[in-house]
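Architecture at a glance
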Amino acid sequence: MKALVVLLTALLLLCPAVTAFADNEGPMDEFEETYAQGDVNGDGKINVMDYGMVKRFTMRQIQFTDAQFDAADVNGDGRANALDYMILKRVVMKLGEFPCRHVYDETVVGNLHVFTCKSCGHKYERFDGELIG
């Protein structure tokens, strides 16, 4: 009987510690997993394993985490699909490069808005909301 009381007391003492881990609160909640463009498995290398995972994802054989999905969307269109698979395969085979995901800086002069990509220099303009180039 005394052993049972000791066991129950120990369990009650451990319960707050167990629930502290179970409620998913704490510093790990602030950790956000991110992978480089094309590095779908997060191993720091872009290789056949990565485009194999994209192929399996497009065939609905596996699911991706948000970070894996972002890494698999190599053309930046918001989808991970066969086009991303083909681009990634060409990059691994050294037959091509990743397309630019265009992150634009905006310059405003009066009603003219000029958008210039920070990475590749691609540029387009809007005047009074109308696309002009």
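Keep in mind the model is a prediction, meaning the values are calculated, not measured.

1. Details of the packing of aromatic side chains
For the structure on display, the rule yields five aromatic pairs. Residues Phe57 and Phe69 carry aromatic rings whose centres are separated by 6.1 Å and whose planes lie at 70 degrees to one another, so their mutual orientation is edge-to-face. Residue Phe57 is located in helix α2 (residues 48–58), and its partner Phe69 is located in helix α3 (residues 66–72); the two are separated by 12 residues in the primary sequence. The exposure class assigned to Phe69 is partly exposed, which follows from its relative accessible area of 24%. Centroid distance Tyr104 to Tyr124: 5.1 Å. Interplanar angle 85 degrees. Geometry classified as edge-to-face. In this pair, Tyr104 is assigned in strand β1 (residues 104–109) and Tyr124 in strand β3 (residues 123–127), connecting sequence segments 20 residues apart. Of the residues examined, Tyr104 reaches a relative accessible area of 27% and is grouped as partly exposed.

2. Concerning the nonpolar core
Of all hydrophobic cores here, the largest spans 14 residues; its most connected members are Val40, Val54, Phe64, Ala72 and Leu88. Broken down by secondary-structure element, the contributors of at least two residues to this core are α2 and α4 (82–92). Ignoring anything within four residues of it in the chain, the contact list for Leu88 reads Gly38, Val40, Ile46, Asp50, Tyr51, Val54, Val74 and Phe98.

3. As for the packing of α2 against α4
Following both chains from N to C, one finds α2 and α4 inclined at 165 degrees, their axes separated by 9 Å at the closest point. One finds that α2 runs roughly antiparallel with respect to α4. Our pair here, α2 against α4, has a crossing hand that is left-handed. Across the interface between the two elements, Val48, Asp50, Tyr51, Val54, Lys55 and Thr58 from α2 touch Ala82, Asp84, Tyr85, Leu88, Lys89 and Val92 from α4. Counted by class, the contact of α2 with α4 contains seven nonpolar, one polar and four charged residues.

Conventions and cut-offs
Residues numbered from 1 in each chain as written. Predicted model: local features only at pLDDT ≥ 70, side-chain atom pairs only at ≥ 80, totals over all residues. Heavy atoms only, no water. Phe/Tyr/Trp six-rings, centres within 6.5 Å; stacked < 30°, edge-to-face > 60°. Helix = DSSP H or I, 4+ residues; strand = E, 2+ residues; numbered from the N terminus. Buried < 20%, exposed > 50% of the residue type's maximum accessible area, 1.4 Å probe, protein only. Core = buried A, V, L, I, M, F, W, Y, C linked by side-chain atoms within 4.5 Å. Contact = heavy atoms within 4.5 Å. Axes fitted to C-alpha atoms, helices over the stretch in contact; angles between N-to-C directions. Parallel < 35°, antiparallel > 145°, perpendicular 65-115°, else oblique. Left-handed = near helix turned anticlockwise from the far one by under 90°. Nonpolar A, V, L, I, M, F, W, Y, C, P; charged D, E, K, R; others polar.

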